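# Structural characterization, general
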Amino acid sequence: MRGDSMKHVEIYTDGACSGNPGPGGWGAVLIYNGRKKELCGGEKETTNNRMEMTAVIEALKKLKEPCEVTLTTDSKYVCDSINKGWVYSWQKKGWKKADKSPALNVDLWKQLLNLLEIHRVEFVWIKGHDGNMYNERCDKLAVNYYKQNFTE
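Below: a short report on this structure.

Reading the values: rules and limits
- Residues numbered from 1 in each chain as written.
- Predicted model: local features only at pLDDT ≥ 70, side-chain atom pairs only at ≥ 80, totals over all residues.
- Heavy atoms only, no water.
- Helix = DSSP H or I, 4+ residues; strand = E, 2+ residues; numbered from the N terminus.
- Rg over C-alpha atoms; globule rule 2.2 N^0.38 Å.
- Buried < 20%, exposed > 50% of the residue type's maximum accessible area, 1.4 Å probe, protein only.
- Contact = heavy atoms within 4.5 Å.
- Expected span 1.5 Å × (residues − 1).
- Polar contact = N/O pair within 3.5 Å; in protein donor to acceptor, adjacent residues only side chain to side chain.
- Phe/Tyr/Trp six-rings, centres within 6.5 Å; stacked < 30°, edge-to-face > 60°.

### A short note on the overall build of the protein
Looking only at helices and strands, one finds 5 helices and 5 strands in the protein. Reading the helices (α) and strands (β) of the protein from amino to carboxyl end gives β-β-β-α-β-α-α-α-β-α. Here the protein has a C-alpha radius of gyration of 15 Å; the compact-globule value for 152 residues is 15 Å, and the two agree. With the principal axes as the frame, the protein shows a C-alpha extent of 50 × 40 × 25 Å.

### Structural notes on helix α2 (residues 76–83)
Among the 8 residues in α2, 6 count as buried, and that is most of the element. Looking only at α2, the buried set comprises Tyr 77, Val 78, Cys 79, Asp 80, Ser 81 and Ile 82. Elements in contact with the buried residues of α2: α1 (48–61), β4 (67–73), α3 (86–92), α4 (106–118) and β5 (120–125).

### Here's the deal with helix α5 (residues 133–150)
Over its 18 residues, α5 extends 25 Å from the first C-alpha to the last, a length consistent with the 26 Å expected when each residue adds 1.5 Å. Within the span of α5, buried status applies to Tyr 134, Asn 135, Cys 138, Asp 139, Leu 141, Ala 142, Val 143 and Tyr 146. Buried residues along α5 sit in contact with β1 (7–17), β2 (22–32) and β3 (35–46). Where α5 begins, the capping side chain belongs to Asn 132, and its oxygen is found 2.9 Å from the backbone nitrogen of Tyr 134.

### Notes on the packing of aromatic side chains
We describe a pair of aromatic rings using the distance from one ring centre to the other and the angle between the two ring planes. According to the stated counting rule, one finds 4 aromatic pairs in the structure shown. Summarising the aromatic geometry, the rings of Tyr 145 and Phe 150 are spaced 6.0 Å apart at their centres and angled 65° between planes, so their arrangement reads as edge-to-face. Overall, Tyr 145 belongs to the partly exposed group, its relative accessible area being 25%. Judged by relative accessible area, which is 22%, Phe 150 ranks as partly exposed.

### A word on the side chain of Ser 75
Examined against the element boundaries, Ser 75 turns out to sit in the loop between β4 and α2. Of the residues examined, Ser 75 reaches a relative accessible area of 4% and is grouped as buried. Not counting residues within four places of it along the chain, the set of residues in contact with Ser 75 comprises Glu 52 and Trp 125.

The values reported here are purely geometric and, on their own, carry no functional implication.
Next up, the structure:
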């Protein structure tokens, strides 16, 4: 149930990578009160999961006050890590996974967990490249960014 005092923002995110690792990009679309804002960025040497996470982090960082967010992504890594509680378990175990191996992307998980202390976020998974116009737009932003900035 949504609290009336918090603004509700819809966020769509996607990350993309050419090679894994390789040049990558991320895209996000934020929708509030019928207005849309698009964000994108990337890194010369990264992984797909890092770009998926960066899209989420950068989108949440743009919010100027605590908000209620419906965040839609095609990243099972991001959704399952939050919704199934894996990241909280890794954190509790000193950033170790169930098999005692180190958790990956700890720097980004720490940033994301800090943002989740500020905003009330519902993570929703959708199948990628399946016709959702905002998911497709995020993918295009991500791919265009790394192609324009990191490939010849």
